[in-house]
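This is what each chain is made of:
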Amino acid sequence: MFLALKEIKHAKLRYTMITMIIVLIAWLTFILSGLGNGLSTLSAATIKNLNANYVVYGEGSGAKFSKSLISASLKEKIDLQSEVEDSALFGSAMAAVSKEGINEKTDIALLGIEAGSFIEPKVIEGKKLDKNIKNGVLANNSLQDKGYAIGDEIKVDSSTIVLKIVGFVENETYNHLPVLFSTVEQWRAYQFAAPGANNGIEDVVNAIVIQSSNLDAESFNKKIGGIETATKNQAINAMPGYMEENGTIVMMLVFLIVISAFVIAVFFYVLTIQKSQQFGVMKAIGANNGFLTKAIVSQVFVISLVGILIGVVLTYLTALVFPAGMPFNLNPTLVVLYGFALLLISVLSSFVCVRQVSKVDPLTALGRVE
Amino acid sequence: MQRLEVKNMTKTYEEGGSTITALNKVSMIVEAGELVAIIGPSGSGKSTLLSAVGALLQPTSGSVIVNGKKIEDLKEKELSEFRLNEIGFILQTSNLIPYLNVLDQLLLVKKMAGKVSTVDQQFAKQLLSDLGLEKKYRKFPNELSGGERQRVAIARAFMNDSSVILADEPTASLDSKRAFEVVQLISNEVKKRKKAAIMVTHDERMLTYCDRVYRMEDGVLTLQS
């Protein structure tokens, strides 16, 4: 630390420049992670929020809600299984809604759930779903920005259905759309209005969500028959576009981290070569390789740490100026995680110089090698 | 007390198929409190001898004994520790670390060994004021004159309180007035702190301060006067 800090203090410009590079890389990394997190929230927040462990789909649906149709009567059989603690019906549909006084239609996801079941989200304003109010819905609070309020009657496009907002929930998006939670019956009335759309299955739903701490999917599928069980994570990954979006962002993040490793390695490699003479002198007066290595590595550590911290601050500042509609959601855990990853990679890359240091011959200090 | 002994040391190099003998059965003894000079034309092997004594170079045969310790018995890893504890180098053109101030140049030596204590701080300041640098503690090498830099290098060599001081052309870049001062200072410190010191030099004017003078020619060391 002694040499590291003294040198940084002495050669401010040089070290400011390399710190700036780390700041920019860290900044971009954190913004990308926020964007990735925002997109994945938009795509599957509702599924992530489910207080459940497994999802049961119809056989052959590949864990996709849109491809799955099963009968609600299966719920009885599922509930009888000893490993199942609780289960709930789930249905999804895409729709566009409008209300009088608002010209623009709004795309939404209409999700059918049972009133009072464990997957019903917490209401932040208004009342919960009620079996007796057949057309009552809970709306994601982003609809408030579009001019919707409690008690509003909203028309569903391509149907004669009129829904009524009874409450608002927060952070509920599905398939990149804000969610309207309705009763399963209301959802069926919309989704299967055309005769035969339900494949002839009675009391149809898309899926049954299960709470269970210990469930073997394969044997469970056999016991019930005609179903396909996925973990909650598999269900999230199967959401349309989820893997693709995440994959793109993760790829960019990995590239950034690799780039930062190389930039730092090259910078300190060149610096080390430049300082060979100095290292020779220090070796001649008794420094061992460990001492010099520590000096370089701690220098990289300090510079990376400062760069990353500045990057974090800048990221949170930029988050303030991003437009409200932007899918940007900083997750502090992820910020810490990527911060540590960058720090670790930088420090590891500085070990490239270690070989260089051990090659320096202290004889160079005498000014001539005979 | 006998501090430094070189016994029958030979160093040969292979170069382009022929063998060059840089040192030919060199033997010498330096007692504590003695400053010994080695003079001779360039290429005669003076620096090779200094490097071997300073544990920077392995001789082909023969041995160096410092305080009863044979250098050739040391493992590669112990050599840096040996240099740190037993040898003080005064290098040509001072070779200070550009980003450390005068005081830190000295404390660096202690840092290499571990922690810097307040006793070390006091010792460093004492050394620097002995050498007339008491007003320059916070100066960086580029803010010092050549003579001052060389004095810092001298102080640094004494900092580890080693038994042996090796000076490699300490006056090379100085005018004669400064050169005399520097050699006088080295001589004073060597006497005062009871070091065994070897100084390699071109400059025959500096020999008045030395207890004995050896001449090196083609790898053969002979005692003069």
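Residues numbered from 1 in each chain as written. Chains lettered and ligands numbered in written order. Predicted model: local features only at pLDDT ≥ 70, side-chain atom pairs only at ≥ 80, totals over all residues.

### As for the overall build of chain A
Link 1 in the chain: Helices and strands together make up the secondary structure of chain A, namely 12 helices and 13 strands.
Link 2 in the chain: The C-alpha radius of gyration computed for chain A amounts to 29 Å, which surpasses the reference 21 Å derived for 370 residues by more than 25%, pointing to a less compact arrangement than a globule.
Link 3 in the chain: Its C-alpha atoms give chain A principal-axis dimensions of about 95 × 55 × 30 Å.
Link 4 in the chain: The burial tally for chain A puts 41% of its 370 residues in the buried class.
Link 5 in the chain: Taking the intrachain contacts of chain A between residues at least 6 apart in sequence as the baseline, contacts between residues at least 24 apart amount to 83%. (Helix = DSSP H or I, 4+ residues; strand = E, 2+ residues; numbered from the N terminus. Rg over C-alpha atoms; globule rule 2.2 N^0.38 Å. Buried ≥ 20, exposed ≤ 12 C-beta atoms within 10 Å, placed from the backbone. Contact = placed C-beta atoms within 7 Å.)

### Points about the packing of helix α1 (residues 2-10) of chain A against helix α10 (residues 289-321) of chain A
Residue and element names in this part refer to chain A.
Link 1 in the chain: Contact geometry of α1 with α10 gives a least axis separation of 7 Å together with a crossing angle of 55°. Between α1 and α10, the crossing angle belongs to the class labelled oblique. Crossing hand, α1 versus α10: right-handed. Where α1 approaches α10, its residues Leu-3, Ala-4, Leu-5, Glu-7 and Ile-8 are matched on the opposing element by Ala-295, Ser-298, Gln-299 and Val-302.
Link 2 in the chain: A class-by-class count of the residues in the contact of α1 with α10 yields six nonpolar, two polar and one charged. (Axes fitted to C-alpha atoms, helices over the stretch in contact; angles between N-to-C directions. Parallel < 35°, antiparallel > 145°, perpendicular 65-115°, else oblique. Left-handed = near helix turned anticlockwise from the far one by under 90°. Nonpolar A, V, L, I, M, F, W, Y, C, P; charged D, E, K, R; others polar.)

### Side note on unusual backbone geometry
Link 1 in the chain: Even without glycine at this site, Asp-203 of chain A takes up a positive phi of about 45°.
Link 2 in the chain: Of note, Asp-203 of chain A is situated in the loop between α5 (184-191) and β11 (204-205).
Link 3 in the chain: Judged by the 15 C-beta atoms lying within 10 Å of it, Asp-203 of chain A falls in the partly exposed class.
Link 4 in the chain: Look at Ala-55 of chain B: it is not a glycine, yet its phi comes out positive at around 60°.
Link 5 in the chain: Tracing the sequence through the fold places Ala-55 of chain B in the loop between α1 (46-53) and β4 (61-66).

### Re the environment of Ala-295 of chain A
Residue and element names in this part refer to chain A.
Link 1 in the chain: As for its placement among the helices and strands, Ala-295 is situated in helix α10.
Link 2 in the chain: The exposure class assigned to Ala-295 is buried, which follows from the 22 C-beta atoms found within 10 Å.
Link 3 in the chain: Residues Ala-295 and Met-1 lie 294 residues apart in sequence; the distance between their C-alpha atoms is 5.9 Å.
Link 4 in the chain: Filtering out sequence-adjacent residues up to four positions away, Ala-295 remains in contact with Leu-3 and Ala-4.

### Some details on the environment of Thr-19 of chain B
Residues and elements named next belong to chain B.
Link 1 in the chain: As for its placement among the helices and strands, Thr-19 is situated in strand β2 (residues 18-31).
Link 2 in the chain: Its 9 C-beta neighbours within 10 Å are what place Thr-19 among the exposed residues.
Link 3 in the chain: Thr-19 sits 134 residues away from Ala-153 along the chain, and the two C-alpha atoms are 36 Å apart.
Link 4 in the chain: Once you skip the residues sitting within four places of it in the chain, Thr-19 turns out to touch Thr-12 and Glu-14.

### Thoughts on the nonpolar core
Link 1 in the chain: Within the largest apolar cluster, 106 residues are counted, with the highest numbers of intra-cluster contacts made by Ile-154, Ala-155, Leu-166, Ile-186, Ala-197, Ile-198 and Met-199 of chain B.
Link 2 in the chain: Discounting chain neighbours no more than four positions away, the residues touching Ala-197 of chain B are Glu-34, Leu-35, Val-36, Ile-165, Ala-167, Ile-186 and Val-190 of chain B.
Link 3 in the chain: If you look at the next biggest cluster of nonpolar residues, it comprises 60 residues, including Ala-44, Leu-138, Leu-177 and Tyr-242 of chain A. (Core = buried A, V, L, I, M, F, W, Y, C linked by C-beta atoms within 7 Å.)

### Topic: the interface of chain B and chain A
Link 1 in the chain: Taken together, the contacts link 23 residues of chain B with 21 residues of chain A.
Link 2 in the chain: For the side of chain B that touches chain A, the secondary structure elements donating two or more residues are α1, α2 (76-86) and α3 (102-113) of chain B.
Link 3 in the chain: The element that contributes the greatest number of residues to the side of chain B that touches chain A is α3 of chain B, accounting for four residues.
Link 4 in the chain: Looking at side-chain class alone, the side of chain B that touches chain A contains 11 nonpolar, seven polar and five charged residues.

### A few points about helix α4 (residues 118-130) of chain B
All names here are of chain B.
Link 1 in the chain: With 13 residues, α4 ought to run about 18 Å at 1.5 Å a step, and its terminal C-alpha atoms sit 18 Å apart, in line with that.
Link 2 in the chain: Three or more residues of α4 are buried, namely Ala-124, Leu-127 and Leu-128. The buried residues of α4 all sit within an arc of 95° when viewed along its axis, so they share a single face. What points out from α4, more than 90 degrees from its buried face, is the exposed set Thr-118, Val-119 and Gln-122. (Expected span 1.5 Å × (residues − 1). Arc of directions from axis to C-beta.)

### Quick look at the domain arrangement of chain A
Put simply, an interface is often sized by how much accessible area is lost when its parts join up.
Link 1 in the chain: Assigned domains of chain A: these are domain 1 (2-44 + 242-366) and domain 2 (54-214).
Link 2 in the chain: Centre-to-centre, using C-alpha coordinates, domain 1 of chain A lies 47 Å away from domain 2 of chain A. (Domains from an automatic or database assignment.)

### Quick look at the pairing of strand β8 (residues 196-201) of chain B
Residue and element names in this part refer to chain B.
Link 1 in the chain: The buried fraction of β8 is high, at six of six residues.
Link 2 in the chain: With burial as the criterion, each face of β8 is covered, one bearing Ala-196, Ile-198 and Val-200 and the other bearing Ala-197, Met-199 and Thr-201.
Link 3 in the chain: Bridge count for strand β3 (residues 34-39) against β8 is six bridges, and the pairing is parallel. What sits directly across from Val-36, in β8, is Ile-198.
Link 4 in the chain: Relative to β8, strand β7 (residues 164-168) is paired through five bridges, and the arrangement is parallel. Bridge pairing in β8 links Ile-165 to Ala-197.
Link 5 in the chain: Taken together, β7, helix α6 (residues 176-193) and β8 constitute a β-α-β crossover, and its handedness is right-handed. (Pairing = 2+ DSSP bridges. Right-handed = clockwise from strand over helix to strand, strands pointing away.)

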